[in-house]
Amino acid sequence: MERRRRVPRVAAGWPGKYRVEDDPQSDWDNCQMIDISVVGVGLELFGDVPEDLTGHRLAVEVQTPVGSSVSIRLVGEVRNTTKGREGGTRAGMEFVDLSDTERQILQVMELLQVVW
């Protein structure tokens, strides 16, 4: 059975770091943003990933392809996890409580990513 997404995602491949926001003991660890849409991102998480991550909030900081002076911080809730292609954990994260301005910024990022 083929899974259908609510909205299409655009490939990203941006390096970054993440932490479990609702776990005060969580430290920053490495990740890779695989894809992005206006509703969420696909991530591959590395390091000490909690076993039951679904339902937890993540804070993610990624480096954009425009240069090291521009990074983006994203927060969302993990909706699903599976084994990643690079040996990490693949996580689907949905943005929560986005303002109209934040949603517009994500739409612009999607358009720019197609060009990059």
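Everything here concerns the structure above.
Residues numbered from 1 in each chain as written. Predicted model: local features only at pLDDT ≥ 70, side-chain atom pairs only at ≥ 80, totals over all residues. Heavy atoms only, no water.

## Here we look at the pattern of salt bridges
At step 1: Taken as a whole, this structure holds 6 salt bridges when the rule is applied.
At step 2: The closest approach of N and O atoms between Glu21 and Arg73, which form a salt bridge, is 3.2 Å. Of this pair, Glu21 sits in the loop between β1 (10-20) and β2 (29-36) while Arg73 sits in strand β5 (residues 71-83); the two residues are 52 residues apart in sequence, bridging distant segments of the chain.
At step 3: A residue is classified by how much of its surface remains accessible, and Arg73, at 47% relative accessible area, is partly exposed.
At step 4: A single salt-bridge network, built from bridges that share partners, covers Glu21, Arg57 and Arg73. (Salt bridge = Lys/Arg side-chain N within 4 Å of Asp/Glu carboxyl O. Helix = DSSP H or I, 4+ residues; strand = E, 2+ residues; numbered from the N terminus. Buried < 20%, exposed > 50% of the residue type's maximum accessible area, 1.4 Å probe, protein only.)

## Structural notes on the sheet that holds strand β3 (residues 40-45)
Across a sheet, paired strands are connected by hydrogen bonds in the backbone, their directions being either parallel or antiparallel.
At step 1: Taken in spatial order, the 6 strands line up as β1-β2-β3-β6-β5-β4 and close into a barrel, and their pairing is antiparallel. Looking at each pair of strands side by side, their axes are set apart by 45° on average, direction ignored.
At step 2: Inspection of the sheet shows β1 paired to β2 by 7 bridges, in the antiparallel sense. Bridging from a neighbouring strand, Val10 pairs with Ile36 of β2. (Pairing = 2+ DSSP bridges. Axes fitted to C-alpha atoms, helices over the stretch in contact; angles between N-to-C directions.)

## As for the pairing of β2
At step 1: Two strands pair when backbone bridges link them, and β2 and β3 are joined in this way by 5 bridges, in the antiparallel orientation. For Asp35, the partnering residue across the bridge sits in β3 and is Gly42.
At step 2: In sequence, β2 turns back onto β3 through a hairpin of 3 residues.

## Thoughts on unusual backbone geometry
At step 1: The backbone of Asp97 shows a phi angle near 55°, a positive value even though the residue is not glycine.
At step 2: Its location among the elements puts Asp97 in the loop between β6 (89-95) and α1 (100-115).

## Topic: the nonpolar core
At step 1: The biggest cluster of nonpolar side chains holds 23 residues, and the ones touching the most others in it are Met33, Val41, Leu43, Leu45, Leu58, Val60 and Met93.
At step 2: At the level of secondary structure, the elements contributing two or more residues to this core comprise β1, β2, β3, β4 (57-63), β5 and β6.
At step 3: Filtering out sequence-adjacent residues up to four positions away, Val60 remains in contact with Lys17, Tyr18, Cys31, Leu43, Ile72, Arg73, Leu74 and Met93. (Core = buried A, V, L, I, M, F, W, Y, C linked by side-chain atoms within 4.5 Å. Contact = heavy atoms within 4.5 Å.)

## A short note on the pairing of β1
At step 1: In this structure, β1 lies alongside β4, joined through 5 bridges in antiparallel fashion. Note that in β4 the partner of Arg19 across the bridge is Ala59.

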